[in-house]
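Topology and contacts: notes
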Amino acid sequence: MALSFLQRGGNLAESAKGLQLAQYVPELVLEGLQTGVDNVRTDVYLSPKLVDITRQHIAKLLAKYGDVEDLVREDAFSLAMGQNPAATGVSRGTFIGAPPVPGATAPRPTGFIGTAPPTGTPAARPTGFIGAPQVNAAVAGGRGTSPVKAEPADFKKLMADLLTGSLNRAKTENNINLDLLTRLAVIKMLRAEMTGQFSTLLEKCRTKLKGYDGPRSINAHKGIELREKFSQFQINKKIVLRKVGQELFATLREVEKESLSKMRRSLFGEDANASYELLLNRLLFTDDGKDDYLNAEQYVMLGNFERDPDRFPRMQETAATFIKSLGVVPAGQADEERQIDAMLSVADNTHELFAGGTPDEGTPKGKNQKALLDGWVDLLEKESLIDHVLASYEAVPLLAQYSPLINPQQLKNSLINKAERERVTALLEERGKISPDGINNAVKKVEGMKGGERAKVAGRYFSDFLRYHRDLRRFEAVLSAMDGINVIGSANEKLRELSAINNTLYEFLLAEEQKAGDATVVDHIILKADIRDSTTLTKTLFERGLNPASYFSLNFFDPVNKLLPKYDATKVFIEGDALILALFEREGEQGFGVGKTCMLAKEMVTIVRGYNEQSTKQGLPTLELGLGICFQESAPMYLMDGSHRIMISKALNESDRLSGCSKGARKYLAAGQAKNLFNVYNFQTVEDADTGGIPDEFLVRYNIGGIHINALAFQKLQKEIALKEHLVELPTIWSKEQVRLFTGVVPLGQGIFHKIIVREGLTAFVDLKDFSLKRWTEKKYYEVCVNEALYKHMEKEFPVV
């Protein structure tokens, strides 16, 4: 005879010895932010254009999923009826989500701050967003009398632009909480607009239906059809809102995966991701974190009716009782309940407990997991829950056939309760003689499940329940954080202005909405490309009757010129064997100047490689290139030669030195360079005391096909993106040694990211005669690595790179 759960108690604790159950408590706390004018919440003002496009987008989705597009679209019949658009508050050609004609009345929104409009203003439109009417067309991004109609791509692009700008701002101010604040404000706005636009849509439908009333109606049949649609729209409110919410969630997830997550890792590293996991949660777009359909599709179907034994509180209590019986938390601890609840928020604990429902009994651990799984099944049977667990999965495929005619809970209960099944069958008979065969087949499956199959389903249920428990706790944490945010609507100008003049307002606007300043240049980066052997190549081309100018132009200068707009680079100086470019960073901008300059330099190296491959095939000499990058934390100065500006900058001289290559170093290193992973080296041959106080002038530099950056540029790069340090044993010019590498990802905009590896090298003191190593100095230099083999090696060893 099988042991009951109570009889197994001691055995379960024995089987659970050595288990490592993880704990997780979702938290989202914003620190370092000012409170707003109410001294309680943080004031946030979001882009008016984004909010307006969002309203239009949500309104379209509501009409689509509510099947009431006909009710909110002006047609010839409405015009034939002589309906006065101004009287109804709907203008011709105006789609849902557009602002009503001023003076039209509409019910006031509820549930979201609801600040009263200033005296004398038109009645507040039911947007659900602090009682704010939609912004006008000029604010929304164009001049005219009607707002631009939104497309899904517009909504997604504007959302990506706003959130990308938020990340940049957070990096500039070195406070990731600013980006979290933006994300929370956006989610709060979306939740409010869903309910607000639903109310607006109801009013538009009611207004449209009035045109079919009275003796003047010429299309009574059409009116009956539309009223039926309107009635179903109201009945299906929760279903419609769920579908709209999940589409909004899908869009936010796409934006996150396509650009934001990569950019965030690039700027802040991996450590910043934990808080953002709370924001990628389907439950955030439900009213209270509970939805039968969503639970059925993504988690597990729980009971909702008062009489249902498998409601969330009961199932949570049952799961907690099981965890408690294992003795993994010492009894009597003050925070025992908190620890158990934290364990129920880690779905992977299911695998640790009983291998997800399929333990391998051939191992000692598998035998213990089988005992624990049997204990879980026993507990479900003792609490009369096992049938509900089995039915919760068999009911899911039936939803498409029988719902919404049959409530999901009623459908699930019909699989385990004969009286409920008879009521459902009778209802199906009344509504058109719908066949109950699907239900009857599911009943047979539930009743036919025995032994191992029941245990497997019970294990799956435990895992799915833990995932739901985790996301519900995350939902609660996010709602708590959003309670501390006051999203100010565009109509509440007085409150916005009050918060702004008190320096308590956080504005998150699109680039086009931000006030244009003087765009003062605050720093700059110089890139010097030293092109060598051009004289030899020119001579060879002349001897073959070829034009050197066109050859250089087509194979080097033209390709480089095409890169300049991509990186916002400017030409400073150009001649046959040198090219100097500059990138400028301006006040108030989040700059990736050094990172972008490094990527530009890497592309130039690639261009020269391709050029040399072609030259080798044609029997022509190859080009030798050295690149130097210098950052200067100030704007450059200029001399004027007539109308021509001549730049003055310390970075020009230093980049010239970094791009150069000593003949002695080239002679010594050229033979083994093909096997070398690095292209830049510094050597010292003179004692510092003998340099007259300018030791850098006496350094012997090697730079063939490499990118040499100054220390200030490296320090700036560390501020721009998150760089991860690695110590890797790699071959160098003398032998294998510990090489210090820094890896990261540079964002170039529009979802494009490039990997970067920077080597920190130590200057070697060598004998000038044979370059034999005497000792290592403390002088550091930095190289942006360009060897593809190194990138592949680092990707293999450190996949996060």
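Throughout, a residue's number is its position along its own chain's written sequence, starting from 1. This being a predicted model, a pLDDT of at least 70 is required before a residue's local features are given, and a value of 80 or more before pairs of side-chain atoms are given or counted; all residues contribute to the totals for chains, interfaces and linings. Working from all heavy atoms in the structure, the side-chain values ignore hydrogens and water.

1. What to know about the overall build of the protein chain
- Think of it this way: any DSSP run of H or I at least four residues long counts as a helix, any run of E at least two long counts as a strand, and we number them from the N terminus. A count of helices and strands for the protein chain gives 28 helices and 16 strands.
- In this scheme, a residue with accessible area under 20% of its type's maximum is buried, one over 50% is exposed, and one in between is partly exposed, where area comes from a 1.4 Å probe on protein chains only. Out of the 801 residues in the protein chain, the part that is buried amounts to 51%.
- By definition, residues are in contact when any of their heavy atoms lie within 4.5 Å. Relative to all contacts within the protein chain whose residues are 6 or more apart in sequence, the contacts with residues 24 or more apart total 73%.
- As displayed, the protein chain offers around 37800 Å² of accessible surface, 50% of which is attributable to carbon and sulfur atoms. Computed with the Shrake-Rupley method and a 1.4 Å probe, the accessible areas treat only the protein chains shown as cover for residues.

2. Brief notes about the pattern of salt bridges
- Salt bridges are defined as contacts in which a side-chain nitrogen from Lys or Arg sits within 4 Å of a carboxyl oxygen from Asp or Glu. Here the structure, examined in full by the defined rule, presents 47 salt bridges.
- Of the charged contacts in the structure, one is a salt bridge between Glu624 and Arg666, with a shortest N-O distance of 2.9 Å. Here Arg666 lies in helix H26 (residues 663-669) and Glu624 lies in strand S7 (residues 624-632), a separation of 42 residues in the sequence.
- A salt bridge links Arg657 to Glu697, with the nearest nitrogen and oxygen atoms 3.5 Å apart. Of this pair, Arg657 sits in helix H25 (residues 650-659) while Glu697 sits in the loop between strand S10 (680-684) and strand S11 (700-703); the two residues are 40 residues apart in sequence, bridging distant segments of the chain.
- On the accessibility criterion, Arg657 (28% relative accessible area) is partly exposed.

3. A look at helix H5 (residues 152-172)
- Look at H5: 30 Å from first C-alpha to last across 21 residues, which is about the 30 Å you get at 1.5 Å a residue.
- Turning to H5, its buried residues number three or more, namely Phe155, Leu158, Met159, Ala160, Leu162, Leu163, Ser166, Leu167, Asn168, Ala170 and Lys171.
- Those residues of H5 that are buried are in contact with strand S1 (42-46), helix H2 (48-65), helix H6 (177-210), helix H8 (237-268), strand S3 (505-508) and helix H27 (711-720).
- Once H5 ends, the next one or two residues include Asn174, with phi positive near 55°. One less than the number of residues in a helix, times 1.5 Å, gives the span that helix is expected to have.

4. Regarding the confidence of the model for the protein chain
- One confidence number per residue, pLDDT, is output by the predictor and ranges from 0 to 100. Averaged over all residues, the pLDDT of the protein chain is 84; the fraction at 70 or higher stands at 86%.
- Predicted confidence is poor over residues 75-147, with pLDDT under 50, and the contacts of this stretch with residues over four places away or in other chains come to 144 contacts.

5. Structural notes on the pairing of S11
- Along S11, one buried face is formed by Val700 and Tyr702 and the opposite face, lined by Arg701 and Asn703, is buried too.
- In the sheet, S10 pairs with S11 via 4 bridges, with the strands oriented antiparallel. Considered in S11, the bridge of Tyr681 is made with Tyr702. Any two strands between which DSSP finds at least two bridges are classified as paired.

6. Digging into the sheet that holds S3
- Strand order in the open sheet made by the 3 strands is S2-S1-S3, with parallel pairing throughout. Every interior strand has two partners, whereas the edge strands, strand S2 (485-487) and S3, have only one. Each strand axis lies, on average, 30° off the axis of its neighbour in the sheet, ignoring direction.
- Two strands pair when backbone bridges link them, and S1 and S3 are joined in this way by 4 bridges, in the parallel orientation. For Leu46, the partnering residue across the bridge sits in S3 and is Phe508. Only the stretch in contact is used when a helix axis is fitted, and all axes are lines through C-alpha atoms; the angle between N-to-C directions ranges over 0 to 180 degrees.

7. Brief notes about the packing of H6 against H8
- Where H6 contacts H8, the axes come no closer than 11 Å and their chain directions differ by 155°. Judged by the angle between their axes, H6 and H8 are roughly antiparallel. By crossing handedness, the relation of H6 to H8 is classed as right-handed. Residues Arg183, Leu190, Met194 and Phe198 of H6 lie in contact with H8, whose contacting residues are Lys237, Leu241, Val244, Gly245, Leu248, Leu252, Glu256, Leu260 and Arg264.
- Any residue that is not Ala, Val, Leu, Ile, Met, Phe, Trp, Tyr, Cys, Pro, Asp, Glu, Lys or Arg is counted as polar, Gly included; the first ten are nonpolar and the last four charged. Here the residues of the contact of H6 with H8 are counted per class, giving 8 nonpolar, 1 polar and 4 charged. Between 65 and 115 degrees an angle is taken as roughly perpendicular, under 35 as roughly parallel, over 145 as roughly antiparallel, and anywhere else as oblique. The crossing is said to be left-handed when, going from far helix to near helix, the turn is anticlockwise and less than a right angle, and right-handed when the turn is clockwise.

8. Description of a nonpolar patch on the surface
- On the surface, Met637, Leu639, Ile646 and Ile648 cluster together to form a nonpolar patch covering roughly 360 Å² of accessible area.
- Contributing elements (two or more residues each) for the nonpolar patch: strand S8 (637-641) and strand S9 (644-648).
- Assignment of secondary structure puts Ile646 in strand S9. Patches here are clusters of residues that have more than 30% relative accessible area and form no salt bridge, with a 9 Å joining cutoff for like charges and a 5 Å cutoff for nonpolar side chains (Val, Leu, Ile, Met, Phe, Trp, Tyr).

9. A few points about the side chain of Glu256
- Of note, Glu256 is situated in helix H8.
- Since its relative accessible area comes to 4%, Glu256 is described here as buried.
- Each residue touching Glu256, except ones within four places of it in the same chain, is listed here: Arg183, Ser261, Arg264 and Leu280.

10. Side note on the packing of aromatic side chains
- Any two rings among Phe, Tyr and Trp, with Trp reduced to its six-membered ring, count as a pair given centres within 6.5 Å; such a pair is stacked if its planes are under 30 degrees apart, edge-to-face if over 60, and tilted if neither. Within the structure shown, the criterion is met by 19 aromatic pairs.
- When the ring of Phe312 is compared with that of Tyr468, the centres are 5.8 Å apart and the planes differ by 85°; the resulting orientation is edge-to-face. Highlighted residues: Phe312 in helix H11 (residues 312-325) and Tyr468 in helix H20 (residues 451-482), separated in sequence by 156 residues.
- What makes Tyr468 buried here is its relative accessible area of 1%.
- Chaining the aromatic ring pairs together yields one cluster made of Tyr668, Tyr681, Phe683, Tyr702, Trp734, Phe771 and Trp776.
- We call a charge positioned above a ring when the Lys NZ or Arg CZ atom is no farther than 6 Å from the ring centre and deviates by at most 35 degrees from the ring normal. For Arg775, the ring lying beneath its charged end belongs to Phe765, and the centroid distance is 4.3 Å.

11. Comments concerning the pairing of strand S13 (residues 724-731)
- Two strands pair when backbone bridges link them, and S13 and strand S14 (residues 736-749) are joined in this way by 8 bridges, in the antiparallel orientation. Its bridge partner being in S14, Glu725 is matched across the sheet by Phe742.

12. Notes on H27
- Three or more residues of H27 are buried, namely Ala713, Phe714, Lys716, Leu717 and Glu720. One side of H27 carries all its buried residues, which in axial view fall inside an arc of 160°. Working definition: the arc comes from the directions between the helix axis and the C-beta atoms, pointing outward to the latter.

13. Regarding the packing of H6 against H20
- Remark: H6 packs on H20, axes separated minimally by 10 Å, with the N-to-C direction vectors making an angle of 95°. Put simply, H6 runs roughly perpendicular to H20. Touching Leu184, Ile187, Lys188 and Arg191 of H6 are Phe475, Val478, Leu479, Ala481 and Met482, all from H20.
- Looking at the contact of H6 with H20 residue by residue, the class counts come to 7 nonpolar, no polar and 2 charged.

14. Some words on the environment of Lys238
- Within the element layout of this structure, Lys238 appears in helix H8.
- Considered as a pair, Lys238 and Asp287 are 49 residues apart in the sequence and their alpha carbons are 8.9 Å apart.
- Ignoring sequence-local partners within four residues, the contact set of Lys238 consists of Lys290 and Asp291.

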